[in-house]
Amino acid sequence: QTNKFPSYPEFNQRLDQIKSELEEMFLTILNSGQIPSKELIKSTYNELKNPKSKLSLNEFIPVYIKELESGQILAVKKKGGTKFNEIYKHSTIKNFKGFEVQFNEYQNKFKTKLDYNDITDSFCEKFIQFFVDKDYKPNTIGRHIKHLKSIMKYTHKVKKWHNNDAYINFEV
C-alpha cells in the first residue's frame, strides 16, 4: 500500500492533528457550558482555521444577539438531569437588545468605549450604580449583569478573545 500512497505518514500525521484539534474544541465547548452540536463544532472549527479578526466588545454585542436570533448560539437547558440545547426565546433576545441599549447609554453618559479588559469589579459597581440612579429594580439590574456575564463568558471561553475573568465574580 505504501507504493500506491507514498506520503501516507504525512497524511496520517495530518489526520491525527485534526483529531487533536477537534477534541480540544469539543472540550472547550463543553467547558463553556454549551452542549456540542454538529453545527457548533463545524462553525468553531471553521473559525479556528479561518479566523476572523477579533471584534471589540462593542462590535461583538450586536453579532452575539444576531447569533442568538439565528440559533447559532443555543441556550443549554436541564430537565431531569439531562442537558439539551434550545433556541433562545424571543423575550430573552429582546432582553439582550435592551442590555445593548443600556450598555451603549452608559458609555455615552461617561464618554467611554469599553472593551473586554475594562469589565472589572470597579466597572460593575459603577454600572450597577448607573441603574440605581435610574430607579431600576434589583431584578432588572441583575438581568443586565447576567447578560454582560454571558457575553464575557462566551468571548472568553469559546472565542478566546481575552483573558479577563473578573466577570465571574459579578453578583447577579
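Small disclaimer: the values here were computed from a predicted structure and weren't measured.

1. Details of helix α1 (residues 8-31)
Thought 1: With 24 residues, α1 should cover 34 Å at 1.5 Å per step; its first-to-last C-alpha distance of 34 Å lies within 8% of that length.
Thought 2: Inspection of α1 places E21, M25, T28 and I29 among the buried residues, and these make up the whole buried set.
Thought 3: Just beyond α1, the residue with positive phi is G33, at close to 95°.

2. Describing helix α4 (residues 90-109)
Thought 1: Relative to the 28 Å expected for 20 residues at 1.5 Å per residue, α4 spans 29 Å between its end C-alpha atoms, a close match to the ideal helical length.
Thought 2: For α4, the complete set of buried residues consists of I93, F96, F99, Q102, F103, Y106 and Q107.
Thought 3: Its buried side turned inward, α4 meets α3 (57-70), α5 (121-133) and α6 (138-158).
Thought 4: Following α4 by one or two positions, K111 has its phi on the positive side, about 50°.

3. Some thoughts on the packing of α5 against α6
Thought 1: Interhelical geometry of α5 versus α6 gives an angle of 145° and a closest axis separation of 10 Å. Helix-helix and strand crossings are classified by hand; for α5 and α6 the assignment is right-handed. The residues of α6 that touch α5, namely those facing F123, C124, F127, I128, F131 and V132, are I141, H144, I145 and L148.
Thought 2: In terms of residue class, the contact of α5 with α6 is built from nine nonpolar, one polar and no charged.

4. As for a nonpolar patch on the surface
Thought 1: Together, F5, Y8, F11 and L15 line one region of the surface with nonpolar side chains, adding up to about 370 Å² of accessible area.
Thought 2: Relative to the helices and strands, F5 resides in the segment before α1.

5. With respect to the environment of D165
Thought 1: Secondary-structure assignment places D165 in the segment after α6.
Thought 2: For D165, a relative accessible area of 42% translates into the label partly exposed.
Thought 3: Along the primary structure D165 and T120 are separated by 45 residues, whereas in three dimensions their C-alpha atoms are 8.7 Å apart.

6. Some points on the side chain of K159
Thought 1: Mapped onto the elements of the fold, K159 is located in the segment after α6.
Thought 2: Those residues within four positions of K159 in sequence are excluded, and the remaining contacts are E47, F60 and Y154.

7. Comments concerning the nonpolar core
Thought 1: Judged by nonpolar contacts, the single largest core of 32 residues is most densely connected at Y64, F103, I119, F123, F127, L148 and I151.
Thought 2: Counting only elements with at least two residues in this core, the list comes to α3, α4, α5 and α6.
Thought 3: Broken down by element, this core gets its largest block of residues, seven residues, from α6.
Thought 4: If we ignore the near neighbours within four places in the chain, the residues touching F123 are F103, Y106, L114, D118 and L148.

What counts, and where the lines are drawn
- Residues numbered from 1 in each chain as written.
- Predicted model: local features only at pLDDT ≥ 70, side-chain atom pairs only at ≥ 80, totals over all residues.
- Heavy atoms only, no water.
- Helix = DSSP H or I, 4+ residues; strand = E, 2+ residues; numbered from the N terminus.
- Expected span 1.5 Å × (residues − 1).
- Buried < 20%, exposed > 50% of the residue type's maximum accessible area, 1.4 Å probe, protein only.
- Contact = heavy atoms within 4.5 Å.
- Axes fitted to C-alpha atoms, helices over the stretch in contact; angles between N-to-C directions.
- Left-handed = near helix turned anticlockwise from the far one by under 90°.
- Nonpolar A, V, L, I, M, F, W, Y, C, P; charged D, E, K, R; others polar.
- Patch = residues over 30% accessible without salt bridge, like charges linked within 9 Å, V, L, I, M, F, W, Y side chains within 5 Å.
- Areas by Shrake-Rupley, 256 points an atom, 1.4 Å probe, with all protein chains shown as cover.
- Salt bridge = Lys/Arg side-chain N within 4 Å of Asp/Glu carboxyl O.
- Core = buried A, V, L, I, M, F, W, Y, C linked by side-chain atoms within 4.5 Å.

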